[in-house]
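The residues making up each chain are set out below.
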Amino acid sequence: MSAIPEHVHLRRRSGVLELTWPGGEHCGLDAEFLRVHSPSAEVRGHGGSDAVLQTGKRGVGIREIEPTGRYAIRILFDDGHESGLYSWEYLQELCRNRETLWQRYLDALREAGARRDPLPEGMQAINIMDSSTPDTDRS
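A brief structural summary. Here the structure is a predicted model, which is why all the values come from computation and not from measurement. Sequence order as written defines residue numbering, which begins from 1 separately in each chain. Restriction of local features to residues with pLDDT of at least 70 applies here, the model being predicted, together with a cutoff of 80 or more for giving and counting side-chain atom pairs; totals for whole chains, interfaces and linings are based on all residues. Working from all heavy atoms in the structure, the side-chain values ignore hydrogens and water.

So, on to the environment of serine 40. The helix and strand labels rest on DSSP assignments: H or I over at least four residues marks a helix, E over at least two residues marks a strand, and numbering proceeds from the N terminus. Here serine 40 shows up in the loop between helix H1 (31-36) and helix H2 (41-44). Burial classes: relative accessible area under 20% of the type maximum marks a residue as buried, over 50% as exposed, and values in between as partly exposed (1.4 Å probe, protein chains only). The exposure class of serine 40 is buried, given its relative accessible area of 3%. Between the C-alpha atom of serine 40 and that of glycine 84, which follows or precedes it by 44 residues, the distance is 4.2 Å. The contact criterion used is simple: two residues touch if any of their non-hydrogen atoms lie within 4.5 Å. Residues within four places of serine 40 in sequence aside, it is in contact with Gly45, His81, Ser83 and Gly84. We call two N or O atoms a polar contact when they sit within 3.5 Å, provided that within protein one can donate a hydrogen and the other can accept it, with sequence-adjacent residues counted only if both atoms are side-chain atoms. A distance of 3.4 Å separates the side chain of serine 40 from the side chain of histidine 81, its partner in a polar contact.

As structure tokens, this is what we get:
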């Protein structure tokens with residue numbers, strides 16, 4: 001069983017969730033990190049192999065945090081995502097592996113040709129390198 005944090009505080013201005021664990025271990029997780037590592041099926045997939053890379057989440061904020069029993073919190077993000085339950089055990093895992101997880105995320109974005117920044121309003125992403133579309137403009 002994982003430990004319950006002694007202190008949980010959201011710094012609204014910076015969007016950092018601060019956790020202090022028994023023994024004094026302190027961790028800060030920012031909103032973007034928490035959003036892209038949401039434990040929801042929408043992000044992680046239903047079977048683990050169908051995870052969805054979260055893009056354009058730089059600048060996402062946390063609207064609210066709701067306790068869920070004594071084992072988790074639900075984080076409500078300002079982009080409408082509200083379905084992930086962050087257990088204390090999962091939050092400890094995120095804290096302990098923050099640098100590795102963040103680098104994996106950045107690598108996945110790079111490999112997908114995706115970005116952390118949201119697209120300007122009204123603009124849609126297109127794949128200009130799609131080799132399946134025949135080139136019909138060859139003269």
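Following the structure, the description resumes.
Two aromatic rings, drawn from Phe, Tyr or Trp (for Trp, its six-membered ring), form a pair once their centres lie within 6.5 Å of each other, and the interplanar angle then sorts them: stacked below 30 degrees, edge-to-face above 60, tilted otherwise. Counted by the stated rule, this structure contains 3 aromatic pairs. Centroid distance phenylalanine 33 to tryptophan 102: 6.2 Å. Interplanar angle 45 degrees. Geometry classified as tilted. Note that phenylalanine 33 is positioned in helix H1 and tryptophan 102 in helix H4 (residues 98-112), a separation of 69 residues in sequence. Joined through ring pairs, the aromatic side chains of Phe33, Trp102 and Tyr105 make up one cluster.

What follows concerns the state of the cysteines. When two cysteine sulfur atoms are found within 2.5 Å, that pair is recorded as a disulfide. Per the stated rule, a full pass over the model turns up 1 disulfide. Residue pairing for cysteine 27: its cysteine sulfur links by disulfide to cysteine 95, the two sulfurs lying 2.2 Å apart. Measuring handedness by torsion sign, the sulfur bridge of cysteine 27 and cysteine 95 sits at about -100 degrees and is left-handed. Of the two residues, cysteine 27 sits in strand S3 (residues 26-30) while cysteine 95 sits in helix H3 (residues 88-96), which places them 68 residues apart along the sequence. Residues cysteine 27 and cysteine 95 agree in their burial class; the two are buried.

With antiparallel pairing, the 3 strands of this open sheet are ordered in space as S4-S5-S6. The open sheet terminates on both sides in strands that have one partner only, identified here as strand S4 (62-68) and strand S6 (85-87). Adjacent strand axes in the sheet meet at a mean angle of 30 degrees, parallel and antiparallel pairs treated alike. If DSSP finds at least two bridges between two strands, the strands pair. For S4 and strand S5 (residues 72-77), the ladder comprises 6 bridges, and the chain directions are antiparallel. Residue pairing across strands places proline 67 opposite isoleucine 73, the latter belonging to S5. On the sheet, H3 packs against S5 and S6 and is oriented at approximately 75 degrees with respect to S6. What counts as an axis is a line fitted to C-alpha atoms, over the stretch in contact for a helix, and the angles between N-to-C directions run from 0 to 180 degrees.

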